[in-house]
Amino acid sequence: MKYIEEIESGDCFEYKHQFYILTQDFKKNGERRCISLINGFSSWISQDTIIDPTDLFTMDKDNNIVAIKE
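Residues numbered from 1 in each chain as written. Predicted model: local features only at pLDDT ≥ 70, side-chain atom pairs only at ≥ 80, totals over all residues. Heavy atoms only, no water.

Engineer: Please give an account of the sheet that holds strand 6 (residues 50-54) that cites residues and values.
Structural biologist: The strand order across the open sheet built from six strands is 1-6-2-3-4-5, with neighbouring strands paired in antiparallel fashion. The outermost strands of the open sheet, each flanked by one partner alone, are strand 1 (2-3) and strand 5 (42-45). Relative to strand 4 (residues 32-36), strand 3 (residues 18-26) is paired through four bridges, and the arrangement is antiparallel. By the bridge assignment, Leu22 is partnered in strand 4 with Cys34. (Pairing = 2+ DSSP bridges. Helix = DSSP H or I, 4+ residues; strand = E, 2+ residues; numbered from the N terminus.)

Engineer: Pulling in residues and values, what's your account of a nonpolar patch on the surface?
Structural biologist: Taken together, Met1, Tyr3 and Ile50 make up a surface patch of nonpolar side chains, about 360 Å² in accessible area. Along the chain, Met1 falls in the segment before strand 1. Under the relative-accessibility criterion, Met1 is labelled exposed at 75%. (Patch = residues over 30% accessible without salt bridge, like charges linked within 9 Å, V, L, I, M, F, W, Y side chains within 5 Å. Areas by Shrake-Rupley, 256 points an atom, 1.4 Å probe, with all protein chains shown as cover. Salt bridge = Lys/Arg side-chain N within 4 Å of Asp/Glu carboxyl O. Buried < 20%, exposed > 50% of the residue type's maximum accessible area, 1.4 Å probe, protein only.)

Engineer: Can you break down the pairing of strand 4 residue by residue, with the values?
Structural biologist: Going residue by residue along strand 4, you find Arg32, Cys34 and Ser36 tucked away on one face and Arg33 and Ile35 left uncovered on the opposite face. What sits between the antiparallel neighbours strand 3 and strand 4 is a turn of five residues, in which Gly30 has the positive phi angle 95°. In this sheet, strand 5 lies alongside strand 4 in antiparallel orientation, the contact comprising four bridges. Bridge pairing in strand 5 places Arg32 opposite Ile45. Here strand 4 folds back onto strand 5, and the loop between the two strands holds five residues, one of which, Gly40, carries a positive phi near 80°.

What follows is the structure in structure tokens.
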């Protein structure tokens, strides 16, 4: 568990049983824009929100599992 302000843009995380990717957009009040991997909609989430970081994986041409972001 981490605060959303502790992760970097492009990181994936789980919040309220949905998966999001953190963007570079932010508001003056510290909220961060996040894009849902379920429906593609963006949401503004407060910087002091506790989230659960997670990794995204894909398969390469040899069917090896590779992390999208290392």
